[in-house]
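In case you want the letters, here they are:
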Amino acid sequence: MTHPQDRGARRRIDRLRPDTHLSHSQRVDRYGVEKQWKHLYGRSVKLRRAQQLGKLWPRREWEKLMAEADPVNVLFVCSKNQWRSPTGEAIFAEIEGVTTRSAGTARSARRQVSLEDIRWADLILVMEDKHAARLKADFRQDLRFKRLHVLGIPDDYQFMADDLVTRLRAAAEPLILGV
């Protein structure tokens, strides 16, 4: 028997059933369909519950696992590889379990993005939409199975500026560390 789609159909079934006096918790399976609890408790709900209970999951466990596992390769990309992407590289190079590189999309970049960089990276973080479009145009096949994220950081900062460091940490930390 399939689950009724509307309230009226459920009420008609309830009128015909003798167990309508049972409470809701006792009638969970009354339509022959079990709840799929694994879909009700997603990662965000589990994380929130762990924080309420004061558990150390997943941050400290992540650090323990990363000490034993292969490092996550993160590629930071901006236009000229002058301020934004080298800042991201410098900030996250200090974290255990993370290796970083930076490159630029412009022809005049200090270090231009290469196919080797794309293949090396597990996670590619670009500063603006135009950088993502440029990478997709140049390396479409190699980006098919890569995680590519746009951080949305404009070209208004100098190397290691406090505002830039703050914005990079806020935008990239959840993607890199899974927080």
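The notes below deal with the structure included here.

What counts, and where the lines are drawn
For every chain, the first residue of the written sequence is number 1, and numbering continues from 1 onward in sequence order. With pLDDT at 70 or above as the cut-off, local features in this predicted model cover only qualifying residues; side-chain atom pairs require 80 or more to be listed or tallied, and sums for whole chains, interfaces and linings still use all residues. To get the side-chain values, all heavy atoms of the structure are used, and hydrogens and water are removed first. Every helix listed is a DSSP run of H or I at least four residues long, and every strand listed is a run of E at least two residues long, numbered separately from the N terminus. Summary of the burial criterion: residues with accessible area below 20% of their type's maximum are buried, those above 50% are exposed, and those between are partly exposed, where the area comes from a 1.4 Å probe applied to protein chains only. Whether two residues are in contact is decided by their heavy atoms, any of which lying within 4.5 Å being enough. Computed with the Shrake-Rupley method and a 1.4 Å probe, the accessible areas treat only the protein chains shown as cover for residues. Pairing between strands is defined by DSSP: at least two bridges between them are needed. Think of each axis as a best-fit line through the C-alpha atoms, taken over the contacting stretch in the case of a helix, with angles from 0 to 180 degrees between the N-to-C directions.

For the chain, the count of helices and strands is 8 helices and 4 strands. Ordered by position from N to C terminus, the α and β elements of the chain give α-α-α-α-β-α-β-α-β-α-β-α. Here the chain holds 179 residues, and 34% of them are scored as buried. Of the contacts formed within the chain by residues at least 6 apart in sequence, a portion of 62% connects residues at least 24 apart. Just so you have it, the chain exposes about 12100 Å², and 49% of that area is on carbon and sulfur atoms.

For Ala170, the location among the structural elements is in helix 8 (residues 162-177). Residue classification places Ala170 among the exposed residues on the basis of a relative accessible area of 58%. The sequence separation of Ala170 and Leu151 amounts to 19 residues, and the corresponding C-alpha distance is 9.5 Å.

Turning next to the sheet that holds strand 4 (residues 147-150). The 4 strands lie next to each other as 2-1-3-4, forming an open sheet whose pairing is parallel. Because the sheet does not close on itself, it has two edges, and the strands there are strand 2 (98-104) and strand 4. The sheet shows a mean angle of 20 degrees between the axes of neighbouring strands, taken without regard to direction. Relative to strand 4, strand 3 (residues 123-126) is paired through 4 bridges, and the arrangement is parallel.

Any functional reading would require information that these geometric values do not contain.
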